[in-house]
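Secondary and tertiary structure notes
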Amino acid sequence: MSRAITADNLFLAYAGQQALNGVSLQVEQGEFFAIIGPNGSGKTTLLRSLAGTAAPDRGTIRILGRELADYSRRELARNMALVPQLPDQDFTFTVREVVLMGRSPHLGLLGLESGRDHDIARGSMEATRIEHLADRRMHQLSGGEKQRVMIARALTQDPAIMLLDEPTSSLDLAHQIRIMDLLERLKTELGITVVMVAHDLNLAALYGDRLLLLRDGRGEHTGPPSEVLTFDNLERAFGCVLLVDESPVEDLPRVNIIPGRHLDRDLMRRTKSRSSQEDEP
Ligand code: ADP
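Model, not experiment: these values are computed from the prediction.

With that settled, the discussion passes to the packing of helix α4 (residues 115-127) against helix α5 (residues 143-156). Axis separation between α4 and α5 bottoms out at 8 Å; the angle between their running directions is 140 degrees. One element, α4, and the other, α5, form an angle in the oblique class. In this structure, α4 crosses over α5, and the sense of that crossing is right-handed. Mapping the contact onto sequence places I120, A121, S124, M125 and A127 in α4 and A152, L155 and T156 in α5. Its residues placed into classes, the contact of α4 with α5 shows 6 nonpolar, 2 polar and no charged.

See the structure below:
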């Protein structure tokens, strides 16, 4: 079985500024792979490179054993779906129309949808709980609803690989869990490979089989959550102190933010104890 994604030594610069600085990764078929890292570390650029919507200056990408450059757009869309951070759809379309567009790489020359195509689109709307929005136009939706429409369209594409850029960033907690559980089910029940940019480290830990921690366009660490989400790795990558303990839900690391006031207090305590030691004769 060929690997879902292999990327070797990717470099990409925007107007002289290096966004990817030699990133490599391998994602197995049926794996849930999360890309994490601070703002500007290259996560979106990496995901867009894997999707073929950004072109690295150097490096190679293979999708399901074939060079990305050898795929036609249509062929690629039959194998891989991208859920971008912001909807890329014309706002005059209805939700139903946008979701049905996911079928276009599978349609014949005339581009006519069959009853089966409509059934698949309906199933995707049910799975993402947007059936009640079917006749609304995109501009009439909230950010979280638009995000669910984009996920429904990707599902309708029926891909082997799903790439998602922070798919839960505008969702409330119930919808976050629903979407993450749905992605997990796609993985376990259908063997779909999920690659997701995650800004929420705890979601990445709870759902990701492996994580890639990016910093300054470089892959700093790759591995299971327990190896990547360590105090030292996070402090170095994010430039702040984060407390890592164990999740009460599963045997996984949990990342806690520490408000500055607690850090200041701690610093003061340490400074005080140091100065009182100095005072001792
Ligand atoms: P992340 O997703 O980790 O926040 P990005 O991949 O969006 O990072 O960006 C990586 C770097 O590339 C950042 O410094 C960002 O400002 C820059 N960048 C991203 N997109 C563009 C663009 N279209 N033009 C110029 N610079 C860009």
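Right, picking up where we left off after that structure.
Taken together, Y14, Q17, A19, P38, N39, G40, S41, G42, K43, T44 and T45 make up the full set of residues adjacent to the ligand. Contact between the ligand and G42: an oxygen atom at 3.0 Å from a main-chain N or O atom of the residue. One of the backbone nitrogen or oxygen atoms of T44 is found 2.9 Å away from an oxygen atom of the ligand. Protein chains bury 60% of the 560 Å² of accessible surface belonging to the ligand in isolation.

A few words on α4. Helix length check: α4, at 13 residues, gives a terminal C-alpha distance of 18 Å against a target of 18 Å (1.5 Å per residue), a fit within 8%. Those residues of α4 not exposed but buried are D117, A121, S124 and M125. Seen from one end, α4 has its buried residues packed into an arc of 100 degrees, which puts them on one side. Just downstream of α4 lies R129, where phi reads positive at about 55 degrees.

On to the packing of aromatic side chains. Across all of its chains, the model carries 1 aromatic pair by this definition. Pairing F32 with Y207 gives two aromatic rings, centres 6.5 Å apart and planes at 35 degrees, and the pair type is tilted. Placement of F32 in strand β3 (residues 32-36) and of Y207 in helix α7 (residues 201-207) is noted, with a sequence separation of 175 residues between them. Overall, the relative accessible area of 12% leaves Y207 in the buried class.

Among the 9 residues of helix α1 (residues 43-51), 7 are classified as buried, and the element is accordingly described as predominantly covered. Every buried residue of α1 is accounted for by K43, T45, L46, L47, S49, L50 and A51. Following α1 by one or two positions, G52 adopts a phi angle in the positive range, close to 85 degrees.

As defined by bridge partners, β3 adjoins strand β9 (residues 210-215) across 4 bridges and the pair is classed as parallel. In the sheet register, I35 faces β9, and the bridge partner there is L212. As defined by bridge partners, β9 adjoins strand β10 (residues 218-223) across 5 bridges and the pair is classed as antiparallel. In the strand pairing of β10, L214 is matched with G219. Taking the residues between adjacent antiparallel strands as the criterion, β9 and β10 are bridged by 2 residues, where D216 takes a positive phi near 50 degrees.

Attention shifts here to the side chain of Q147. The topology assignment puts Q147 in helix α5. Assessed through its relative accessible area of 5%, Q147 is described here as buried. Those residues in contact with Q147 that lie beyond four places of it in its chain are E166, P167, T168, S169, S170 and L171.

As a general feature of sheets, a regular strand has side chains that alternate between the two faces. In terms of strand pairing, strand β1 (residues 5-14) meets strand β4 (residues 58-63) through 5 bridges, oriented antiparallel. Bridge assignment links T6 to a residue of β4, and that residue is R62. Note: β4 against strand β5 (residues 66-67), 2 bridges, orientation antiparallel. Residue pairing for β5: R62 is matched across the bridge by E67. The hairpin turn running from β4 into β5, its antiparallel successor, is 2 residues long, and L64 in that turn takes a positive phi close to 50 degrees.

It is at 12 Å that the axes of α5 and helix α6 (residues 173-190) come closest, and there the two elements cross at 10 degrees. Judged on the interaxial angle alone, α6 and α5 are roughly parallel. The segment α5 lies against α6, with R148, I151 and L155 engaging H175, I179, L182 and L186. Taken together, the residues of the contact of α5 with α6 sort by class into 5 nonpolar, 1 polar and 1 charged.

Calculation rules
- Residues numbered from 1 in each chain as written.
- Predicted model: local features only at pLDDT ≥ 70, side-chain atom pairs only at ≥ 80, totals over all residues.
- Heavy atoms only, no water.
- Axes fitted to C-alpha atoms, helices over the stretch in contact; angles between N-to-C directions.
- Helix = DSSP H or I, 4+ residues; strand = E, 2+ residues; numbered from the N terminus.
- Parallel < 35°, antiparallel > 145°, perpendicular 65-115°, else oblique.
- Left-handed = near helix turned anticlockwise from the far one by under 90°.
- Contact = heavy atoms within 4.5 Å.
- Nonpolar A, V, L, I, M, F, W, Y, C, P; charged D, E, K, R; others polar.
- Near = heavy atom within 4 Å.
- Polar contact = N/O pair within 3.5 Å; in protein donor to acceptor, adjacent residues only side chain to side chain.
- Areas by Shrake-Rupley, 256 points an atom, 1.4 Å probe, with all protein chains shown as cover.
- Expected span 1.5 Å × (residues − 1).
- Buried < 20%, exposed > 50% of the residue type's maximum accessible area, 1.4 Å probe, protein only.
- Arc of directions from axis to C-beta.
- Phe/Tyr/Trp six-rings, centres within 6.5 Å; stacked < 30°, edge-to-face > 60°.
- Pairing = 2+ DSSP bridges.

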